[in-house]
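Structure at a glance
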Amino acid sequence: MPGGHVIVTGRAGTVFERNLVSYRREWVALVTGFFEPVFYLFSLGVGIGALVGDIATPVGPVPYAQFVAPALLAASAMNGAVFDATFNLFFKLRYARTYEAILATPVGPRDVAVGETLWSLARGGLYVVGFFLVAAAMGLVASAWGLLAVPAALLVSFAFCTVGMAATTFMRDFRDFDYVELTVLPLFLLSATFFPLASYPEQLQWLVRLSPLYQGVALERGLMLGDLSWALLGHAAVLLVLGAVGLAVVGRRIERLLLR
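Description of the structure in this document.

Rules and cut-offs
- Residues numbered from 1 in each chain as written.
- Predicted model: local features only at pLDDT ≥ 70, side-chain atom pairs only at ≥ 80, totals over all residues.
- Heavy atoms only, no water.
- Helix = DSSP H or I, 4+ residues; strand = E, 2+ residues; numbered from the N terminus.
- Salt bridge = Lys/Arg side-chain N within 4 Å of Asp/Glu carboxyl O.
- Patch = residues over 30% accessible without salt bridge, like charges linked within 9 Å, V, L, I, M, F, W, Y side chains within 5 Å.
- Areas by Shrake-Rupley, 256 points an atom, 1.4 Å probe, with all protein chains shown as cover.

On to unusual backbone geometry, then. The phi dihedral of Arg 97 falls on the positive side, at around 55°, and the residue is not glycine. Mapped onto the elements, Arg 97 comes out in the loop between helix H4 (64-94) and helix H5 (98-102). Positioned with a positive phi, Ala 192 is a non-glycine residue whose angle comes to about 60°. Inspection of the secondary structure puts Ala 192 in the loop between helix H8 (177-189) and helix H9 (202-209).

Now the structure itself:
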């Protein structure tokens, strides 16, 4: 692509369509990722929540399930995007040689990057919409602004899928995926997911604020609880910048790996 810019064309759509067709007979594997955050919601939000009681928030005390649901929505967006952005992309890049075959067509490396991003967003969106409907049915969406939690969660997916893909292009073998687990699990547990930020030691609060998942958790929690402030735009901007940088890096990396 001239000037190194990522250009969204119809050719990126063919990469998306290829992924869609490949899952046509594996739809069970596609939808199972939806259940993990829902189980967390019932076990922690509802089960343990009965013991925890209400949680203090800027909009007043709320039940623990209502407090944790937005965070689990953000985590669902992260998990849905990361799986395709790391394991699946690595297999197609290093073993199946899928992209080498694709490049025999008019599709270019940047189209591959954009197409894979669109597919990861679609998969993350599937989990997000399903989880949001469950949360809404349980009465855990306290504000009409919560409807914006779905596109906000897609922003979380965008950030994690592009950064995940960029990191995957540097991996040499499957042992490197230990680093993915080593990153995702602490982010899930320590991004104010299950406890308010104020409950962390002051020395750790600044570290939590650096977490990209925390940006998503804070954004989702603000929207679903109706706690609106200019800070929400800041959280959205961080996720957007992370996603854009990741997309630029993965486009260049795929181009370098496949056209060297």
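Next comes the rest of the account.
So, on to the pattern of salt bridges. Considering all chains together, one arrives at four salt bridges under this definition. Glu 116 is paired through a salt bridge with Lys 92; the nearest N and O atoms lie 2.9 Å apart. Here the residue Glu 116 occupies a position in helix H6 (residues 109-137), and Lys 92 occupies one in helix H4, the gap between them amounting to 24 residues. A salt bridge links Asp 173 to Arg 175; its shortest N-O distance comes to 2.9 Å.

What follows deals with a nonpolar patch on the surface. Residues Phe 170, Val 241, Val 245 and Val 249 make up a contiguous nonpolar surface patch of roughly 350 Å² in combined accessible area. Considering the arrangement of structural elements, one finds Val 245 in helix H11 (residues 231-259).

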